[in-house]
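Listed below, chain by chain, are the residues.
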Amino acid sequence: MSIPSAAVSGPRRLLKRVRDVMAGPGTAEERLGQIVTIIAADMVAEVCSVYVMRAGEVLELFATCGLSKEAVHMTRLRVGEGIVGFVAAHARPLNLKDAQGHPNFAYRPETGEEIYHSMIGVPILRGGRIIGVLAVQNRTERLYSEDEQEALENVAMVLAEMVAGGELVSREELLPTDGIALLPLRLGGARLAPGIGKGLAVLHEPRIVIDRMVAEDPEEELARLREAMRGLQNHLDKMLEAVSGIDGLDEADDPGDILEAYRMIAQDTGWLNRITEAVHTGLTAEAAVQKVHDDTRARMAQVSDPYLRERLHDLEDLANRLLQHLSGQYQSPAFGDLPDDIILVARNIGPAELLDYDHTRLRGLALEEGSHTSHVAIVARALDIPVLGGVKGVLDKVEGGDPLIVDADNAQLFVRPTEDVRAVIDGALKARAERKALYAQMRDMPARTTDGADISLNVNAGLLIDVPHVVESGADGIGLYRTEIPFMVRSAMPDITDQTRLYDRIFEQAEGRPVVFRTLDVGGDKLLPYWEDMTEENPAMGWRSIRITLDRPAVLVHQLRALIRASHDRDLYVMFPMIAEVAEFDQAKEVLDQQLKREAARGFVPRKVEVGAMLEVPALIWQAPALLERVDFLSVGTNDLLQFMFAADRGNPRIEGRYDTLSPSVFAFMRQLVTLCDQRNVRLTICGEMAGRPLEAMALIGLGIKRLSMAPASVGPVKEMVRSMCKAEVEQYVLSIMGSSTRSLRSRLKAFAIDHGVKL
Ligand code: PEP
Ligand code: MG
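Residues numbered from 1 in each chain as written. Chains lettered and ligands numbered in written order. Predicted model: local features only at pLDDT ≥ 70, side-chain atom pairs only at ≥ 80, totals over all residues. Heavy atoms only, no water.

The protein chain is annotated in an unreviewed UniProt entry as phosphoenolpyruvate--protein phosphotransferase of Thalassospira profundimaris. Of the comments in the UniProt record for the protein chain, the one headed Cofactor (unreviewed entry) reads "Mg(2+)". Per its UniProt entry, the protein chain bears the Subcellular location (unreviewed entry) comment "Cytoplasm". (UniProt positions renumbered as here; feature names shortened; annotations may be inferred.)

See the structure below:
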């Protein structure tokens with residue numbers, strides 16, 4: 001990384017003069033008037049104008065040299081209207097030889113601009129938001145040079161200080177909240193991880209205040225930049241070292257990959273060059289970084305491709321870190337003096353950055369961006385931290401220290417909530433805490449019905465962080481380990497060694513409890529970032545799950561080898577997902593048998609091997625006799641099974657609620673399956689979401705199910721329900737109503753539970 005030295009240049013002179021006027025006497029408008037005159041003279045332009053953003057997204061002409069003076073405060077353009085509005089809408093410069101020929105040109109007679117042909121407009125940006133536009137016009141048709149554009153952008157950057165300073169229009173007016181920033185607000189978002197959390201806002205990337213924009217000596221600025229770059233590099237190195245030792249974090253989440261990518265960007269000369277060029281034009285190192293930072297943020301708003309957005313986010317994050325090093329304000333908020341109850345507010349955040357914070361103090365997360373499958377959502381769910389994503393404008397509307405409530409369950413964020421709202425939320429939190437304490441007390445009690453039937457409760461897991469919950473919740477084991485989750489949060493396919501290490505740690509942390517490993521179940525909504533685009537017309541029924549791993553046996557072979565190696569001298573339970581016919585199970589089992597033989601020759605021999613299938617495709621039940629002869633256990637994935645049974649995409653809100661899980665046909669299916677498995681002594685587990693809901697679990701137990709696997713947080717509520725029900729009574733009732741032709745048995749089951757003291 002090398003930073004070239006600066007030469008004295010015209011743009012520096014221009015900046016210096018602008019700065020001098022800004023600091024000089026006169027009202028803000030008078031000074032702005034002088035500035036546009038200086039710019040016009042410097043650029044040999046006939047017109048230079050400044051438009052400032054007013055409330056309601058309108059750009060108002062505030063100063064001009066060249067256009068009619070009457071037009072000042074009179075000419076107003078909406079964002080998107082005219083060339084000026086176009087620049088604001090797209091947050092990027094527009095350089096036109098013939099502005100009048102541009103489809104967006106809007107003629108305003110009061111300005112007298114019909115005689116000008118060429119025009120260049122650059123956005124005035126502040127914190128990634130447009131707060132004005134600086135425009136230059138000439139009579140002749142000319143294209144402004146790149147240097148001229150650069151010089152204008154730098155001036156715009158300095159002007160941003162003046163506009164944002166509140167002398168031209170009030171600061172409140174520049175806020176997107178139109179002056180209601182300090183009133184309570186309720187912002188909508190999307191639930192990325194469930195729960196409710198209350199605390200004080202901590203901004204993940206606090207805004208750095210730059211008080212010096214223009215520099216006298218570029219050499220000195222470049223030296224400071226070099227020093228800060230060194231600091232940043234060292235810091236990234238340290239972070240890389242630190243995360244490689246994080247305990248409890250899934251190795252396959254490897255934040256190291258993410259940091260490595262950061263380091264590569266930091267060494268990218270294009271990025272550095274842009275900052276260096278800005279220093280050459282007379283900006284301070286901070287202002288130069290800020291300029292590149294603002295450009296990036298403005299561009300981010302235009303990009304919809306999620307991969308590119310992630311990369312731009314990385315760049316932005318780096319710029320922010322560099323600014324912190326330059327300003328000496330460097331300290332990740334994660335290591336600062338933080339409140340006991342933190343609601344973290346960020347544009348987006350990576351899993352490693354999240355883990356920088358003491359997670360025992362994190363009460364919630366509110367993100368401007370973020371998606372359900374984003375890595376941070378997966379990690380937060382494992383840590384039981386509620387997350388709201390897609391909260392538009394949260395960074396502009398929330399100040400550090402603001403009281404916040406993340407109500408992810410109802411997809412809303414309360415900013416500076418009123419007493420009434422707080423009281424309601426406090427009630428909900430108290431009730432939750434009491435129930436949690438109750439569940440903790442029940443930890444070592446058996447999940448036994450009042451008439452003595454033992455039900456095996458297990459957890460579904462996917463990250464190493466989940467595994468301690470098995471022990472904490474008092475579950476019997478891991479009924480479903482979703483091996484694809486570690487694959488999904490990595491940036492490259494884990495190799496056999498990585499996988500072996502990961503599975504080995506899962507065994508260790510499970511402390512001897514059985515772990516059922518499901519082989520890779522990707523496709524559908526579970527995409528691997530490093531695999532080719534698998535966009536399909538109908539992904540739920542497409543090339544997914546076992547279909548992929550049978551078509552690409554190398555993936556399955558590697559995974560099975562890793563599992564066999566990790567289970568040397570341990571019990572290995574392997575389960576194949578989405579089996580639609582016995583032949584598929586046979587094919588997968590054959591691969592396993594070959595690998596068991598191969599690994600045995602290398603000295604890796606599991607103590608016991610049991611092989612099962614997931615029943616998620618209805619067709620399989622009609623091959624039950626052949627299937628049950630082959631498998632040691634069966635697990636029903638009701639999430640997939642029910643969508644296929646009812647031909648109803650579970651992700652489609654239009655049909656949500658049309659079919660109920662507690663319907664007579666589901667009961668008939670389950671009852672038949674229980675009978676078949678009991679006859680052949682095959683263990684049967686339900687591991688879809690329905691197993692974790694107390695009313696559904698009650699019905700399943702009534703149908704004869706003895707094993708359930710669910711999210712760790714559901715173990716307490718389901719155990720409480722089990723310990724309050726009489727299996728024989730429920731069974732009798734369920735059998736008596738399952739022949740009904742109503743669409744749902746839910747209300748009857750609920751009434752039964754209430755009448756019989758079953759705790760739901
Ligand atoms: C299911 O389909 O019910 C299941 C447990 O698998 P997943 O939710 O991982 O698709
Ligand atoms: Mg499934």
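What about the environment of Ala278?
Mapped onto the elements of the fold, Ala278 is located in helix H8 (residues 269–280). Between the alpha carbons of Ala278 and Glu150 there is a distance of 8.0 Å; along the sequence they are 128 residues apart. Beyond its immediate sequence surroundings of up to four residues, Ala278 is in contact with Glu150, Asn154, Leu283, Ala288 and Lys291. (Helix = DSSP H or I, 4+ residues; strand = E, 2+ residues; numbered from the N terminus. Contact = heavy atoms within 4.5 Å.)

Some thoughts on the coordination of the magnesium ion (ligand 2)
Distances from the magnesium ion (ligand 2) to its protein donors, namely Glu616 (OE) and Asp640 (OD), fall within the range 2.0 to 2.1 Å. Taken together, the positions of Glu616 in the loop between strand E19 (608–615) and helix H21 (624–630) and Asp640 in helix H22 (residues 638–645) put the pair 24 residues apart, joining distant regions of the chain. The pair formed by Glu616 and Asp640 is uniform in burial state, with each residue classed as buried. (Donors = N, O, S within 2.8 Å, 3.2 Å for Na, K, Ca; no water. Buried < 20%, exposed > 50% of the residue type's maximum accessible area, 1.4 Å probe, protein only.)

Observations regarding helix H25 (residues 712–722)
With 10 of 11 residues buried, H25 is to be regarded as a mostly interior element. Buried residues in H25 make contact with helix H14 (419–441), strand E15 (456–461), helix H15 (467–473), helix H24 (694–702) and strand E22 (707–710).

With respect to the nonpolar core
If you look at the biggest cluster of nonpolar residues, it comprises 99 residues, and the most contacted ones within it are Ile506, Phe576, Met698, Leu708 and Leu749. Not counting residues up to four positions away in its chain, the partners in contact with Ile506 are Leu464, Val467, Ile478, Tyr481, Val515 and Phe517. (Core = buried A, V, L, I, M, F, W, Y, C linked by side-chain atoms within 4.5 Å.)

Some details on the site of ligand 1
Neighbouring ligand 1 are 13 residues; Arg482, Arg518, Lys526, Glu616 and Asn639 lie closest to it. In this structure, Gly637 approaches ligand 1 through a main-chain N or O atom, which is 3.4 Å from an oxygen atom. At 3.1 Å from an oxygen atom of ligand 1 is found a side-chain nitrogen or oxygen belonging to Asp640. Notes on ligand 1: free accessible area 290 Å², of which the protein chains cover 96%. At the level of elements, strand E16 (478–482) and H22 are the ones that each hand at least two residues to the shell around ligand 1. Per-element tally for the shell around ligand 1: the top contributor is H22, with 3 residues. (Near = heavy atom within 4 Å. Polar contact = N/O pair within 3.5 Å; in protein donor to acceptor, adjacent residues only side chain to side chain. Areas by Shrake-Rupley, 256 points an atom, 1.4 Å probe, with all protein chains shown as cover.)

Regarding the sheet that holds strand E4 (residues 94–96)
Strands belonging to one sheet form pairs held by backbone hydrogen bonds; the direction of such a pair is parallel or antiparallel. The 6 strands lie next to each other as E3-E2-E1-E6-E5-E4, forming an open sheet whose pairing is antiparallel. Unpaired on one side and paired on the other, strand E3 (76–78) and E4 mark the two borders of the sheet. Averaged over neighbouring strand pairs, the angle between their axes works out to 25 degrees when direction is ignored. Relative to strand E2 (residues 58–65), strand E1 (residues 47–54) runs antiparallel, the two being bridged by 7 bridges. Note on E2: the bridge partner recorded for Arg54 is Val58. Across the sheet, helix H3 (residues 82–90) is in contact with E1, E2, E3, E4, strand E5 (118–126) and strand E6 (129–138); its angle to E5 comes to roughly 40 degrees. In the packing of helix H4 (residues 146–164) onto the sheet, contacts are made with E1, E4, E5 and E6, and the angle to E5 comes to roughly 45 degrees. (Pairing = 2+ DSSP bridges. Axes fitted to C-alpha atoms, helices over the stretch in contact; angles between N-to-C directions.)

Side note on the packing of aromatic side chains
In this structure the tally under the stated criterion is 7 aromatic pairs. Look at Phe507 and Phe517: their rings are 5.4 Å apart centre to centre, the planes differ by 65 degrees, and that puts the pair in the edge-to-face class. In this pair, Phe507 sits in helix H17 (residues 496–509) while Phe517 sits in strand E17 (residues 515–518), placing the two residues 10 residues apart along the sequence. Just as Phe507 is buried, Phe517 falls in that class too. With 4.6 Å between their ring centres and 15 degrees between their planes, Tyr733 and Phe752 make a pair best called stacked. Note that Tyr733 is positioned in helix H26 (residues 727–737) and Phe752 in helix H27 (residues 746–755), a separation of 19 residues in sequence. Tyr733 gets classed as partly exposed once you look at its relative accessible area, which sits at 22%. One aromatic cluster is present, built from ring pairs that chain together Tyr481, Tyr503, Phe507 and Phe517. (Phe/Tyr/Trp six-rings, centres within 6.5 Å; stacked < 30°, edge-to-face > 60°.)

A word on the pairing of E15
Taking burial as the measure, the 6 residues of E15 include 6 buried ones, the bulk of the element. Across 4 bridges, the pairing between E15 and E22 is parallel. Among the inter-strand pairings, Asn458 is bridged to a residue of E22, identified as Ser709. The pairing of E15 with E16 spans 3 bridges and is parallel. Bridged to Ala461 within E16 is Tyr481. Regarding topology, H15 serves as the crossover connection from E15 to the parallel E16, and that connection is right-handed. (Right-handed = clockwise from strand over helix to strand, strands pointing away.)

Regarding the pattern of salt bridges
Under the counting rule described, the total for this entry stands at 43 salt bridges. When the shortest N-O distance is used, the salt bridge between Glu150 and Lys291 registers 3.7 Å. Of this pair, Glu150 sits in helix H4 while Lys291 sits in helix H9 (residues 285–300); the two residues are 141 residues apart in sequence, bridging distant segments of the chain. On the basis of relative accessibility, which here comes to 8%, the residue Lys291 falls in the buried class. Salt-bridge contacts for Arg746 lead to Asp660; the nearest nitrogen and oxygen are separated by 2.7 Å. Here Arg746, found in helix H27, pairs with Asp660, found in the loop between H22 and helix H23 (664–680); they are 86 residues apart in sequence, far enough to count as distant. (Salt bridge = Lys/Arg side-chain N within 4 Å of Asp/Glu carboxyl O.)

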